[in-house]
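The lines below spell out each chain.
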Amino acid sequence: MAVVKLTRGRYHRVLNGHPWIYRTEVEEIHGHFNPGDVVEVVDHRGRFVGRGYINPSSQILVRLLTREQGEKIDREFFRRRLVAAIEYRRRVVRHTSACRLVFAEADFLPALIVDRFGDYLSLQTLALGIDLHKETIVELLDELLNPAGIYERNDVAVRQLEGLPLKTGFLKGPFNPVVEIEENGLRFLVDLAGGQKTGYFLDQRENRLALHGLAGGARVLDCFCHTGTFSIYAARFGAREVVGIDVAGDALEMARENAARNGFGQVCTFREGNAFDELRAMDRAGERFDLIILDPPAFTKSKEALEGAIRGYKEINLRAMKLLPSGGFLVTCSCSYHMTEDLFLEVLLDAARDAGRQLRLVEMRRQAKDHPMLLASPETYYLKCFVLQVF
């Protein structure tokens, strides 16, 4: 096994629990290895740090799998990790047939995502080292859960940074990739083959319940509505009218179907459009809403693009605030890791100043419990959801 030695005289996050080692943190590598192999990591004095897989093509040179010196990375290792991840979800997830079963680094399986949608699984292997073990992982998932089917959603651009091809397809199947799930008493269709991420935004499941008490009797605007989950929750909690907007026509077709199958086809309407343009047009038209939901895609995936993302977040929140009467509510989200909690609050305050509004914080929420945060790895905390009252 090749040995990766950390540089002397600098702070290494890996020594305090972070699972990543960048190329710039490595002094030397002893021994032969192939990309994706498991290597041993030691500090500058040669003391054992952990074992993980290596990829010289990636900026993240090594991703740690274990810090136990005697633990082998074999089939039994992956079985233990998967069993622990599944058991955690059995303890914390309630009232749904869908959840994230494996959340990568937070479940000590770097770059592995496994989502459960009813009797089906969706899987992503986002780095070379974990992709090499995909067959073993699929076999173990089949043994442990006996799903009706497993679908691969490895069409994520980050794989290209690892030198991996983009691919999708059946790992166990085939089957109709449009499946139905149940969530908090509501039913939703999920497209495992064509939906965003692995087909559905599981991380917002608990945040959607925050609409309870806010949506009663309200006229609601749901921007970036995707397949209509926030819209349908608003209708369930008593909204008199819900308008959903998204740029994806196929997602809106599923949103309409989801609304109809839950009995809210008359309450919820959906239209195709760019949320930035639609918000400006509605402001010019003098439209008003009692509750507005902003759940945009990540505006930045890198620190370098953060400045542009800040402008985007400020714009949509400013426009939304102008559409609310005094006392109206804004549920606004960011799923950009680089948009930190404190920075997001600054952006919202800046937007409120320019809109001539005051904000009262009702609550701050985060990603659902099946997306746990590893405190030593801040990258695992990405979703912020603020409930605000606007005056």
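One can find the structure itself at the top, above this paragraph.
Residues numbered from 1 in each chain as written. Predicted model: local features only at pLDDT ≥ 70, side-chain atom pairs only at ≥ 80, totals over all residues. Heavy atoms only, no water.

Q: Any chance you could explain the overall build of the chain here in plain terms?
A: A count of helices and strands for the chain gives ten helices and 20 strands. Radius of gyration (C-alpha) of the chain: 22 Å, near the 21 Å computed for a compact globule of 391 residues. Per-residue burial for the chain yields a buried fraction of 55% across its 391 residues. Contacts spanning at least 24 positions in sequence make up 62% of the contacts within the chain whose residues lie at least 6 apart. Summed over its atoms, the accessible surface of the chain is roughly 16,800 Å², and 50% of this surface lies on carbon and sulfur atoms. With 52 positive and 53 negative side-chain charges, the chain shows a spacing of 3 Å between the two charge centroids. (Helix = DSSP H or I, 4+ residues; strand = E, 2+ residues; numbered from the N terminus. Rg over C-alpha atoms; globule rule 2.2 N^0.38 Å. Buried < 20%, exposed > 50% of the residue type's maximum accessible area, 1.4 Å probe, protein only. Contact = heavy atoms within 4.5 Å. Areas by Shrake-Rupley, 256 points an atom, 1.4 Å probe, with all protein chains shown as cover. Lys, Arg positive; Asp, Glu negative; His and termini not counted. Charge placed at Lys NZ, Arg CZ, Asp CG, Glu CD.)

Q: Whenever I open this one, the sheet that holds strand β1 (residues 3-6) confuses me. Can you help?
A: Each strand in a sheet pairs with its neighbour through backbone hydrogen bonds, running either in the same direction (parallel) or in the opposite one (antiparallel). Read from one edge to the other, the open sheet built from six strands follows the order β2-β6-β5-β4-β1-β3, with strand pairing classed as mixed. Strands at the two margins of the open sheet, each flanked by one partner only, are β2 (20-22) and β3 (26-30). Shown here is a sheet whose adjacent strand axes are inclined to one another by a mean of 35°, direction ignored. Of the strand pairs in this sheet, β1 and β3 are connected by four bridges, and their pairing is antiparallel. Bridging from a neighbouring strand, L6 pairs with V26 of β3. (Pairing = 2+ DSSP bridges. Axes fitted to C-alpha atoms, helices over the stretch in contact; angles between N-to-C directions.)

Q: How do you make sense of the packing of helix α9 (residues 306-322) against helix α10 (residues 341-355) when you look at a structure like this?
A: How two helices pack is summed up by the angle between their axes together with the distance between the axes. Between α9 and α10, the least distance of the axes is 8 Å, while the angle of their chain directions is 45°. In terms of orientation, α9 and α10 fall into the oblique class. The handedness of the crossing between α9 and α10 is right-handed. Only L343, F344, V347, L348, D350, A351, A352, D354 and A355 of α10 make contact with α9, whose side of the interface consists of L306, I310, Y313, K314, N317, L318, M321 and K322. (Parallel < 35°, antiparallel > 145°, perpendicular 65-115°, else oblique. Left-handed = near helix turned anticlockwise from the far one by under 90°.)

Q: How should the packing of helix α8 (residues 275-284) against α9 be read in this particular structure?
A: Interhelical geometry of α8 versus α9 gives an angle of 30° and a closest axis separation of 9 Å. Judged on the interaxial angle alone, α9 and α8 are roughly parallel. Read as a crossing pair, α8 and α9 show a hand that is left-handed. Two secondary-structure elements touch here, α8 through F276, L279, R280 and D283 and α9 through G312, E315, I316, R319, A320 and K322.

These results come straight from atomic positions and should not be treated as a statement about function.
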